[in-house]
Amino acid sequence: MGIRVAAAGICGSDIHAYEWTPGYEFMAPHMPFTLGHEFAGHVTAVGAGVEGFAPGDAVTAWPTIGCGQCRACREGRNQDCRARRILGLHCDGGFAAHVVAPASHCFRLPDGVDAEMGALCEPLSIADNAVEVAEISPGDAVLVLGPGPIGLGIAWMAQQRGARVLLAGFDDTLRLDCARRMGIGHTADRQARARPPRCRPASARRWTA
């Protein structure tokens, strides 16, 4: 299905790929291609047999494409498919004017959800899954380390479940300010709290035999 990209997010994985961080060599056999796996846009064309979508629909996409044959894929766990491909990491992604994605992996955005919010669906789904797997309940004490987009999502969702949340960062003034604007009440910046160890001048020290 053809999609005209309206908004895209920059993931840490995109930065690692750009900097060619060790561990991203798996991309080499698939190059060249365009990065970007967090995106939303509008349908421009649908393939033969595609139902439920029409040109102009606002959509986002689940970027992990499985083989469709293995047990993981049959159970709907494409992320566990050993032959999986990821839009923007194995093939062309959303850092372009147009992208092609399987209709089976696309989701129509609800009315009132704009493209920028739609591009957050992928990272926010990770945050939601983390909170779900952790079985966060009202009254739980939750510490979230790192106020990036996923950390912010985890902290916000855990708080919505009634948990007592502390979101901690390191030299993260701007992102922790964002957290407070989101209503996350308890934050801590370890860099701001760090202090050099106190040591008296040598002449003031006391020595004992």
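None of these values were measured; they are calculated from a predicted model.

Asks: Break down the sheet that holds strand 2 (residues 38-45) for me, citing the residues and quoting the values.
Replies: Across the sheet, five strands lie side by side as 6-1-2-3-7; this open sheet has antiparallel pairing. The two strands at the open ends of the sheet, each matched to only one other strand, are strand 6 (98-100) and strand 7 (106-108). The mean inter-strand angle of the sheet, taken between neighbouring strand axes irrespective of direction, is 45°. Bridge count for strand 3 (residues 58-61) against strand 7 is three bridges, and the pairing is antiparallel.

Asks: Which residues make up the confidence of the model for the protein chain, and what values go with them?
Replies: Residue-level pLDDT values for the protein chain average 91, and 91% of them are 70 or greater. Per-residue pLDDT stays below 50 along residues 200-209; that stretch engages in three contacts with residues further than four places along the chain or on separate chains.

Asks: Could you give an account of the nonpolar core, with specific residues and numbers?
Replies: Counting residues in each nonpolar core, the largest one holds 16 residues, and the members touching the most others are V142, V144, V165 and L167. Ranked by the residues each element gives to this core, the list is headed by helix 5 (residues 149-160), at five residues. Not counting the four nearest positions on each side in its chain, L167 is found in contact with V144, G146, P147, G151, L152, A155, L176, A179, I184, H186, T187 and A188. F53, A61, C91 and A101 belong to the second largest nonpolar core, which has 14 residues in total.

Asks: Describe in detail the sheet that holds strand 8 (residues 141-145), supporting the description with residues and values.
Replies: The strand order 8-9-10 describes an open sheet built from three strands, whose pairing is parallel. The sheet is open, and its two borders are formed by strand 8 and strand 10 (187-189), each paired with just one other strand. Between one strand axis and the next, the sheet turns through 20° on average, direction left out of account. One ladder, built from five bridges, connects strand 8 with strand 9 (residues 164-169); its direction is parallel. From the neighbouring strand, L143 faces strand 9, where its bridge partner is L166. This element, helix 5, spans strand 8 and strand 9 of the sheet and lies at about 165° to strand 9. Running over the sheet, helix 6 (residues 173-181) touches strand 9 and strand 10 and is turned about 175° from strand 10.

Asks: Go over the pairing of strand 1 (residues 2-9) with me, naming the residues and quoting the values.
Replies: For a regular strand, side chains alternate in direction, first toward one face of the sheet and then toward the other. Pairing of strand 1 with strand 2 involves seven bridges; the strand directions are antiparallel. Pairing of R4 across the sheet is with H42, part of strand 2. Alignment of strand 1 against strand 6, held across three bridges, turns out to be antiparallel. Bridge pairing in strand 6 links I3 to V99.

Asks: Which residues make up the side chain of T64, and what values go with them?
Replies: As for its position among the elements, T64 is in strand 4 (residues 64-65). Looking at T64, the relative accessible area reads 10%, which means it is buried. Residue contacts for T64: discarding those within four places in its chain leaves N78, Q79, R84, R85, I86 and H105.

Asks: Tell me about the pattern of salt bridges, and please be specific about residues and values.
Replies: Taken as a whole and judged by the stated rule, the model has seven salt bridges. Here E75 ties to R77 by a salt bridge, and the two come within 2.7 Å at their closest N and O atoms. Look at E75 and you get partly exposed, because its relative accessible area is 45%. With a shortest N-O distance of 2.5 Å, D177 and R180 are connected by a salt bridge. With a gap of three residues between them, D177 and R180 both fall in helix 6, about one helical turn apart. Since its relative accessible area comes to 28%, D177 is described here as partly exposed. Three or more residues joined by partner-sharing salt bridges are found here, namely R71, E75, R77 and D80.

Analysis parameters
- Residues numbered from 1 in each chain as written.
- Predicted model: local features only at pLDDT ≥ 70, side-chain atom pairs only at ≥ 80, totals over all residues.
- Heavy atoms only, no water.
- Pairing = 2+ DSSP bridges.
- Helix = DSSP H or I, 4+ residues; strand = E, 2+ residues; numbered from the N terminus.
- Axes fitted to C-alpha atoms, helices over the stretch in contact; angles between N-to-C directions.
- pLDDT = per-residue confidence, 0-100.
- Contact = heavy atoms within 4.5 Å.
- Core = buried A, V, L, I, M, F, W, Y, C linked by side-chain atoms within 4.5 Å.
- Buried < 20%, exposed > 50% of the residue type's maximum accessible area, 1.4 Å probe, protein only.
- Salt bridge = Lys/Arg side-chain N within 4 Å of Asp/Glu carboxyl O.

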